[in-house]
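Letter by letter, the chains look like this.
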Amino acid sequence: MMNSTASLPRTSWAIWRPATWRQIGTDLFYILPGFLVSIASFTALTALFTLGLSTIVVWVGLPVLVACLATARWFANLNRAAMKRWASSIPPVHYRPAHRFTISGMFKNLADPQLWKDFAHGFLVAFPLRTATFSVVLSIMAAILGGLTQWFWLRFLPADNTSLAALIGLDRFMGVSPTVAEGILGVFYGIALLLLFPFITRLLAMADAAVARGLLTNENAALRARDEKLTTSRAQVVSEEASTLRRIERDLHDGPQQRLIRLQMDVEAAQRRMDTDPAAARELMDGALEQSREALNELRQLSRGIAPPLLADRGLRAAAESLAARSTVPVSVAGSLEPGARLPQSAENAAYFVISEALANVSKHSGACQAGLSLDATAATLVVEVIDDGVGGAHVGKGHGLSGLVDRLAGVDGSLEIISPDGGPTTLRVDIPLHG
């Protein structure tokens, strides 16, 4: 589930607590490097934008502006990474799909509103805001350090120096020398600023993060794009399942059904000739036996797209172990998913077909000597990994057995990752959310 706002780090205000100092460090680690990033982004974007705008009339500026927005996106990614590290989570961001590097494609790329929001943040907003934030933080840090050590370095000032304590009459009020009064005053405002420092750094960090969140994320657009993608993928899955059912019906009629009819006819003919012509009857029975084998093979092929009763009765672990046992390549099954543990039906079905297709590919194409299957489930996610020691080179593409898995997983909001360098090994990883 996507969060609409970032979850802020735990806040502590007691200056003597270690958590407070860790909090100050977290806020400073977000504020201070952000100032350096804003200088770099402002400089780069100013140069690219002015160059692109001034040369747009001769078309040279068009690719320069595209490069400018691409640079803005790169800096935005840095800022989002820093904000996520500071807040642990941020709202999602969505960009329109990139178009080809043609004139019309570049104009379409320039029409992405999120790229212009990235540009506005890096070019107009971040630099002045973070310059002010950086200056305030450094000034307060200098004031704290200077105040707490003022009693020491006052002795090195010129003798005719007039201290603040003397100007406001603090030395006369306290009945001490101006130097002692100035040292006491410095310690007082140093401690006061130190006690206020967690509030100040947190306020400045929150202000910076609020501006960045408003410009560098677009949760509504991301949710709309995600909804459209899921609607499309689920419609495609439904269409493919309907097509599969029609194919199974047709194949049953044209294949096993016809063979079973032929089998029945052969057996009946063998029965009639059993007494009068045993040799012919034996020949007919041999043909019937061959027909039964062919029908069984065809039924096994057709059943690959249908969830087995074992999955419904005993769960994913038992069904996966059954697939591993039938594999022509030795497969070990491991993971935290316990035998008998049940998951949402849609997740179990999707995972089962992924495992079935993955192990089929291991047997047919990998050249592996052994493989491993891992099933790990938490309260939120099911993770399936299939690893083999084969020749590698597997990928999700047309003509490969894995090509349909992406759409099937999209129907349950899952994701597929394949790492398969030439020479192997191959790792297939699937993440399926279990919430909702």
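Residues numbered from 1 in each chain as written. Predicted model: local features only at pLDDT ≥ 70, side-chain atom pairs only at ≥ 80, totals over all residues. Heavy atoms only, no water.

Some thoughts on the overall build of the protein
From N to C terminus, the protein includes 15 helices and 5 strands. The 436 residues of the protein split such that 38% are buried. Considering only residue pairs separated by 6 or more positions, the protein has 70% of its internal contacts joining residues 24 or more positions apart. Put simply, the protein shows about 24,500 Å² of open surface, and 62% of that area lies on carbon and sulfur atoms. (Helix = DSSP H or I, 4+ residues; strand = E, 2+ residues; numbered from the N terminus. Buried < 20%, exposed > 50% of the residue type's maximum accessible area, 1.4 Å probe, protein only. Contact = heavy atoms within 4.5 Å. Areas by Shrake-Rupley, 256 points an atom, 1.4 Å probe, with all protein chains shown as cover.)

Quick word on the sheet that holds strand 4 (residues 415-419)
In any sheet, the strands associate via hydrogen bonds between backbone groups, in a parallel or an antiparallel arrangement. Taken together, 5 strands build an open sheet; the order of strands is 1-2-3-5-4 and the sheet is mixed. Looking at which strands have only one partner, the edges of the open sheet turn out to be strand 1 (331-334) and strand 4. Between one strand and the next, the sheet's axes are offset by a mean angle of 10°, whatever the strand orientation. Two elements, strand 3 (residues 381-388) and strand 5 (residues 426-433), share 8 bridges in a ladder whose sense is antiparallel. The partner of Asp 388 across the bridge, within strand 5, is Thr 426. Packing against the sheet, helix 13 (residues 316-326) makes contact with strand 1, strand 2 (371-377) and strand 3, and its axis sits at approximately 165° to strand 1. Helix-sheet contacts for helix 14 (residues 345-366) involve strand 1, strand 2, strand 3 and strand 5, and the interaxial angle to strand 3 is about 5°. (Pairing = 2+ DSSP bridges. Axes fitted to C-alpha atoms, helices over the stretch in contact; angles between N-to-C directions.)

Remarks on the pattern of salt bridges
Going through the model one piece at a time under the given rule, you end up with 7 salt bridges. Ionic pairing is found between Glu 321 and Arg 317, a salt bridge with its closest N-O pair at 3.0 Å. One end of the pair is Glu 321 and the other is Arg 317, both in helix 13 and 4 residues apart, which spans about a single turn. By relative accessible area, which is 10% here, Arg 317 ends up buried. Several salt bridges share partner residues, and in doing so they unite Glu 385, Arg 429 and Asp 431 into one network. (Salt bridge = Lys/Arg side-chain N within 4 Å of Asp/Glu carboxyl O.)

Describing the confidence of the model for the protein
Caution applies to low-pLDDT parts of the model: their predicted coordinates are not meant to be read in detail. Predicted confidence across the protein gives a mean pLDDT of 81, with 83% of residues reaching 70 or more. In the predicted structure, residues 1-6 sits below a pLDDT of 50 and forms 17 contacts with residues beyond four places in sequence or in another chain. (pLDDT = per-residue confidence, 0-100.)

As for the packing of helix 1 (residues 18-54) against helix 4 (residues 113-148)
Close contact between helix 1 and helix 4 brings their axes to 7 Å; oriented N to C, the two are set at 140°. The orientation of helix 1 relative to helix 4 falls into the category oblique. Helix-helix and strand crossings are classified by hand; for helix 1 and helix 4 the assignment is left-handed. Grouping the amino acids of the contact of helix 1 with helix 4 by side-chain chemistry returns 18 nonpolar, 7 polar and 1 charged. (Parallel < 35°, antiparallel > 145°, perpendicular 65-115°, else oblique. Left-handed = near helix turned anticlockwise from the far one by under 90°. Nonpolar A, V, L, I, M, F, W, Y, C, P; charged D, E, K, R; others polar.)

Here's the deal with the packing of aromatic side chains
By convention here, two paired aromatic rings are described through the distance between centres and the angle between planes. The final tally for this structure, using the stated rule, is 11 aromatic pairs. Here the aromatic rings of Tyr 30 and Trp 86 are separated by 5.2 Å at their centres, their planes lie at 20°, and the arrangement is stacked. Residue Tyr 30 is located in helix 1, and its partner Trp 86 is located in helix 2 (residues 61-87); the two are separated by 56 residues in the primary sequence. Each member of the pair, Tyr 30 as well as Trp 86, carries the same accessibility label: buried. Seen in terms of ring centroids, Phe 49 and Phe 123 are 5.9 Å apart; in terms of plane orientation they differ by 50°. Their pairing is tilted. One end of the pair, Phe 49, is in helix 1; the other, Phe 123, is in helix 4, with 74 residues separating them in the sequence. (Phe/Tyr/Trp six-rings, centres within 6.5 Å; stacked < 30°, edge-to-face > 60°.)

Quick notes on the pairing of strand 2
Among the 7 residues in strand 2, 5 count as buried, and that is most of the element. Alignment of strand 1 against strand 2, held across 4 bridges, turns out to be parallel. Its bridge partner being in strand 2, Val 331 is matched across the sheet by Ala 371. For the handedness criterion, the β-α-β arrangement of strand 1, helix 14 and strand 2 is classed as left-handed. The pairing of strand 2 with strand 3 spans 7 bridges and is antiparallel. Among the inter-strand pairings, Ser 374 is bridged to a residue of strand 3, identified as Glu 385. Hairpin connection between strand 2 and strand 3: a loop of 3 residues separates the two successive antiparallel strands. (Right-handed = clockwise from strand over helix to strand, strands pointing away.)

Considerations on the nonpolar core
When a protein is soluble and globular, its nonpolar side chains tend to lie buried together. Leu 316, Ile 355, Leu 373, Leu 375, Leu 382, Val 384 and Ile 432 are the most contacted members of the largest nonpolar core, which has 34 residues in total. For this core, the secondary-structure elements that each account for two or more residues are helix 13, helix 14, strand 2, strand 3, helix 15 (405-410) and strand 5. Element by element, the count of residues in this core is highest for helix 14, at 10 residues. Ranked by size, the runner-up nonpolar core spans 33 residues in total, among them Leu 28, Leu 45, Ala 76 and Leu 110. (Core = buried A, V, L, I, M, F, W, Y, C linked by side-chain atoms within 4.5 Å.)

Remarks on the environment of Gln 257
You can see Gln 257 is positioned in helix 10 (residues 256-273). On the accessibility criterion, Gln 257 (37% relative accessible area) is partly exposed. For Gln 257 and Leu 299, which are 42 residues apart along the polypeptide, the C-alpha to C-alpha distance reads 9.9 Å.

Some thoughts on the environment of Arg 224
For Arg 224, the location among the structural elements is in helix 9 (residues 219-254). Considering only alpha carbons, one finds Arg 224 and His 94, 130 residues apart in sequence, at a separation of 9.3 Å.

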